[in-house]
Amino acid sequence: MPDLLIKNGTIIDPSQKLNKKLDLRVRGGVIAEIGPKLAGDEEVIDAKGLAITPGLIDAHVHLREPGNEDEETIASGCAAAVAGGFTSVACMPNTDPPMDSEAAVSFACLQAQKAGLCNLYPVGAITKGREGKELAEMGSMARGGAVAFSDDGSAVPTAGVLRRAMEYARMLDKPILEHCEDRSLSQKGVMHEGVVSTQLGLAGIPAEAEEVIVARDIMLAHLTGVRLHLQHLSTAGSVEFVRNAKAHGTAVTAEVTPHHLLLADTSIHNYEPSFKMNPPLRTM
């Protein structure tokens, strides 16, 4: 890697409490100096109007290998990540076939190593085939490199299976990642159930389809002591459940997408399909 002098950018590094326009010098691939108006004979990159940050981490990506390499491979997905400033990604197990075995996890790690672009952290499936019926070989997947377990896109449907998964994950010191959706409530809904869905004549998905799974999973996490991460939450009720769980010492974290923060179901008044997603956009 050539020596670099990155000038005129805003350095953002919460770990160092930095949010300031400074220059940054890189020598031998290592940050050598940070300061104002640095000078030198290194290659200069003008970062005016840009942010300079540590490598970003995306904890929820979907890579299409194996099964749909025509859409994306692990190599092309990692290339897209580094182009956007992400040096580490955690890939979900909803491949075809699902990543539910040590061999599948090891394959993903090997493909990422061959690409040599960014750190890849595989998330193994909780159940075989992501079918929610029988636990996958969680121990062997952890040995193969799985950093967490999820049936991404599907909540584990029964509390008994999920409890056993949480107990295994607790022994392996790995978190459980859950997509929170009770499909007996969401059924064939295409948007949030409310005034707008009624006006448009579209089948709705009630907030409770998410919240009953959030509540169930939090209770089981408290029972088993596992670390629980709730994916792409979308309702105020879910946030309140997480807040209360944290206050009582449950090891729960959550994520939310930008579009769920910035948009609402009113965006769908013209039947625009770009606003159809799961979980759906909720009310203001």
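These figures come from a predicted structure and were not determined experimentally.

Trainee: Explain the sheet that holds strand 7 (residues 86-91) to me, and be specific about the residues and the numbers.
Mentor: If you walk across this open sheet you meet the 7 strands as 6-7-8-9-10-13-14, and the pairing is parallel. Whereas interior strands pair on both sides, the edge strands pair on one side only; in this sheet they are strand 6 (56-61) and strand 14 (252-254). Taking each pair of neighbouring strands and ignoring which way they run, the sheet shows an average axis angle of 25 degrees. Judged from the 2 bridges that link them, strand 9 (residues 148-150) and strand 10 (residues 176-179) form a sheet pairing that is parallel. Across the sheet, residue Phe-149 finds its bridge partner in strand 10, namely Ile-176. In the packing of helix 4 (residues 159-172) onto the sheet, contacts are made with strand 9, strand 10 and strand 13 (228-231), and the angle to strand 10 comes to roughly 145 degrees.

Trainee: Give me the pairing of strand 6: which residues, what numbers.
Mentor: Relative to strand 7, strand 6 runs parallel, the two sharing 4 bridges. Within strand 7, the position partnered with Asp-58 by the bridge is Val-89. Handedness of the strand 6-helix 1 (residues 74-83)-strand 7 crossover: right-handed.

Trainee: Can you tell me about the packing of helix 7 (residues 208-224) against helix 8 (residues 236-247), naming the residues and giving the values?
Mentor: Two elements in contact, helix 7 and helix 8, have axes whose closest approach is 9 Å; the angle formed by their N-to-C orientations is 10 degrees. The orientation of helix 7 with respect to helix 8, classified from their angle, is roughly parallel. On the side of helix 7, the interface is formed by Glu-210, Glu-211, Val-214, Ala-215 and Ile-218, while helix 8 contributes Gly-237, Ser-238, Phe-241, Val-242 and Ala-245. Taken together, the residues that form the contact of helix 7 with helix 8 break down as 6 nonpolar, 2 polar and 2 charged.

Trainee: I'd like a description of the pattern of salt bridges, backed by residues and values.
Mentor: Inspection of every chain in the model, using the stated rule, returns 12 salt bridges. Salt-bridge contacts for Glu-42 lead to Arg-25; the nearest nitrogen and oxygen are separated by 2.9 Å. Taken as a pair, Glu-42 in the loop between strand 3 (30-35) and strand 4 (43-46) and Arg-25 in strand 2 (residues 18-27) lie far apart in primary sequence, 17 residues in all. Take Glu-42: its relative accessible area is 9%, and that puts it in the buried class. On the basis of relative accessible area, Arg-25 is assigned to the buried category, the value being 4%.

Trainee: I'd love a proper account of the side chain of Glu-72, names of residues and values included.
Mentor: Relative to the helices and strands, Glu-72 is located in the loop between strand 6 and helix 1. The buried charged residue Glu-72 lacks any salt bridge, with Arg-64 as its nearest oppositely charged partner at 5.6 Å. The contacts of Glu-72, once residues within four sequence positions are left out, are His-62, Leu-63, Arg-64, Glu-65 and Gly-77.

Trainee: Residue-level account of the pairing of strand 2, with values.
Mentor: Regular strands place their side chains on alternate faces of the sheet. By the bridge criterion, 8 bridges tie strand 1 (residues 4-13) to strand 2 in an arrangement that is antiparallel. The residue bridging Asp-13 from the neighbouring strand is Leu-18, located in strand 2. The turn linking strand 1 back onto strand 2 is made up of 4 residues, and Lys-17 within it adopts a positive phi angle of 55 degrees. One ladder, built from 5 bridges, connects strand 2 with strand 3; its direction is antiparallel.

Trainee: Got a sec to walk through the layout of surface pockets? Specific residues and values, please.
Mentor: Space inside the largest pocket adds up to approximately 410 Å³. Residue lining of the largest pocket: 21 residues in total, with Ile-6, Leu-24, Ile-31, Ile-52 and Thr-53 positioned closest to the centre. Where the lining of the largest pocket is concerned, the elements lending two or more residues are strand 1, strand 2, strand 3 and strand 5 (51-52). In terms of residue count, strand 1 provides more of the lining of the largest pocket than any other element does, 5 residues in total. Taken together, the residues of the lining of the largest pocket break down into 17 nonpolar, 3 polar and 1 charged. When its volume is computed, the second largest pocket comes out at roughly 340 Å³. What lines the second largest pocket is a set of 19 residues, among which Ser-234, Thr-235, Ala-236, Val-239 and His-260 lie closest to the centre. Elements that contribute at least two residues to the lining of the second largest pocket include exactly helix 8 and helix 9 (258-262).

Rules behind the numbers
Sequence order as written defines residue numbering, which begins from 1 separately in each chain. Totals for whole chains, interfaces and linings use every residue, but because this is a predicted model, local features are given only for residues with pLDDT of at least 70 and side-chain atom pairs only at 80 or more, for both listing and counting. In computing side-chain properties, one takes all heavy atoms of the structure into account and sets aside hydrogens as well as water. Strand pairing is assigned whenever DSSP identifies at least 2 bridges connecting the two strands. To qualify as a helix, a DSSP run of H or I must reach at least 4 residues; to qualify as a strand, a run of E must reach at least 2; elements of each kind are numbered from the N terminus. Working convention: axes come from line fits to C-alpha atoms, limited for helices to the stretch in contact. Angles between N-to-C directions cover 0 to 180 degrees. Any two residues whose heavy atoms approach within 4.5 Å are treated as being in contact. When the strands point away from the viewer, a crossover counts as right-handed if the path from the first strand over the helix to the second runs clockwise. Roughly parallel means an angle under 35 degrees; roughly antiparallel means over 145; roughly perpendicular covers 65 to 115; every other angle is labelled oblique. Residue polarity is assigned by list, with Asp, Glu, Lys and Arg as charged and Ala, Val, Leu, Ile, Met, Phe, Trp, Tyr, Cys and Pro as nonpolar; anything else, Gly included, falls into the polar class. Salt bridge, as applied in this entry: a Lys or Arg side-chain nitrogen positioned within 4 Å of an Asp or Glu carboxyl oxygen. Any residue under 20% of the maximum accessible area for its type is buried, any over 50% is exposed, and the rest in between are partly exposed; the area is computed with a 1.4 Å probe on protein chains only. In this tally, Lys and Arg are treated as positive and Asp and Glu as negative; His is ignored, and so are the chain termini. Cavity means a closed set of points on a 1 Å grid over the protein atoms alone, one where a 1.4 Å probe fits but cannot get out, pocket means an open set with protein on both sides within 12 Å along at least 5 of 7 lines, and lining means a residue has an atom within 4 Å of a point. Grid points are joined across faces, edges and corners, and a volume is the space filled by probe spheres set on the points.

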